[in-house]
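Examination of the molecular architecture
One-letter residues, chain by chain:
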Amino acid sequence: MKISLQQTLHGPRLVTDQKYSRPKLESRVNLHAGTAHIYIYDDIGPWFMGMYGAETFLEDMRTAGENSHIRVHINSPGGDVFEGMSIFSLIRSSEPSRFSAQIDGLAASMASLIPLATSQVDISRAARMMIHEPWTIAAGNASELMAQAMVLEEVSLQAAGIYADRTGQTLSQIQDWMKTDTYFGPDKAVENGFAHRIMPEGDDIDITGESQEPSELDRQESQLRARHRACLSRVKIAELTPY
């Protein structure tokens, strides 16, 4: 397999011959009743490495169309800072009022910052959020390692500023929380400004504000969700430490 560097508008990119193909970029959008549901149910990172990245989100936005409300569902341990920041910027530079977020499971690390770009953040009673300082793996001499440390400090301050701006907390309070892995259950997330409300149990929330008669498919889905919740209530779920 032949591999070479190709100069593009976005910098150098590795290219190969036709024997190699990257994974297909697939949309994760479900259109329903005027709302486009986007699911970030993965690690955040480049799509061609099998993760959910900014390019994936951009494609999902195109699939959703310009007239739909976009509901961003999140269950992610986090991942690449710059991919996550790009998703945040895509939302803020579009029309934030078109976007709302729904924390379905875990919104940790960079995945906790993305929902704050939207106009409304709802969190499930079973969900959690986590914030901490960014980290990296580096190698090199003393000067190179010190340069990496400075980048980490700058990125950490940048993230802390966004958290403070969107939650109404002071910068010092956010930085204190970020010194370690700080978790927020649904009540604490709402209390501290990371979410606006806890999702009511039962049927899905009508984001569009339109009163609609549920279809037979909606009823079947509601029954399946109820059975799923009943099963989960009997299972003790182990908490995994995200990165």
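See above for the structure.
We now turn to the structure provided with this report.

Criteria and thresholds
- Residues numbered from 1 in each chain as written.
- Predicted model: local features only at pLDDT ≥ 70, side-chain atom pairs only at ≥ 80, totals over all residues.
- Heavy atoms only, no water.
- Buried < 20%, exposed > 50% of the residue type's maximum accessible area, 1.4 Å probe, protein only.
- Helix = DSSP H or I, 4+ residues; strand = E, 2+ residues; numbered from the N terminus.
- Pairing = 2+ DSSP bridges.
- Right-handed = clockwise from strand over helix to strand, strands pointing away.
- Axes fitted to C-alpha atoms, helices over the stretch in contact; angles between N-to-C directions.
- Left-handed = near helix turned anticlockwise from the far one by under 90°.
- Contact = heavy atoms within 4.5 Å.
- Nonpolar A, V, L, I, M, F, W, Y, C, P; charged D, E, K, R; others polar.
- Parallel < 35°, antiparallel > 145°, perpendicular 65-115°, else oblique.
- Polar contact = N/O pair within 3.5 Å; in protein donor to acceptor, adjacent residues only side chain to side chain.
- Salt bridge = Lys/Arg side-chain N within 4 Å of Asp/Glu carboxyl O.

1. Here's the deal with the pairing of strand β5 (residues 69-76)
Of all 8 residues in β5, 7 are buried, a share of seventy percent or more. Strand direction decides the pairing type here: β5 and strand β6 (residues 99-108), joined by 6 bridges, are parallel. Bridge pairing in β6 places Ile70 opposite Phe99. Between β5 and its parallel partner β6, the chain crosses via helix α2 (residues 81-93), and the hand of that crossover is right-handed.

2. A word on the packing of α2 against helix α3 (residues 142-167)
Here α2 crosses α3 at 35 degrees, and the two axes come no closer than 12 Å. Where α2 crosses over α3, the handedness of that crossing is left-handed. Along the contact surface, α2 presents Val81, Phe82, Met85, Phe88 and Arg92, while α3 presents Val155, Gln158, Ala159, Ile162 and Arg166. Split by residue class, the contact of α2 with α3 holds 7 nonpolar, 1 polar and 2 charged.

3. Details of the packing of helix α1 (residues 54-64) against α2
It is the contact of α1 with α2, at a shortest axis distance of 8 Å, that shows an interaxial angle of 25 degrees. One element, α1, and the other, α2, form an angle in the roughly parallel class. Where α1 approaches α2, its residues Ala54, Glu55, Phe57, Leu58 and Met61 are matched on the opposing element by Glu83, Ser86, Ile87, Leu90 and Ile91.

4. Some remarks on the side chain of His132
You can see His132 is positioned in the loop between β8 (128-131) and α3. One polar contact links His132 to Asp181, side chain to side chain, over a distance of 2.8 Å.

5. A short note on the pattern of salt bridges
When the charged atoms of two side chains with opposite charge come close together, those side chains can pair. Under the definition given, this model contains 6 salt bridges. Close ionic contact of Asp122 with Arg197 constitutes a salt bridge, the shortest N to O distance being 2.8 Å. In this pair, Asp122 is assigned in strand β7 (residues 121-123) and Arg197 in strand β10 (residues 197-198), connecting sequence segments 75 residues apart. Exposure remark for Asp122: the relative accessible area of 0% places this residue in the buried category. Classification of Arg197 by relative accessible area gives partly exposed; the value is 36%. Several salt bridges share partner residues, and in doing so they unite Arg71, Asp122 and Arg197 into one network.

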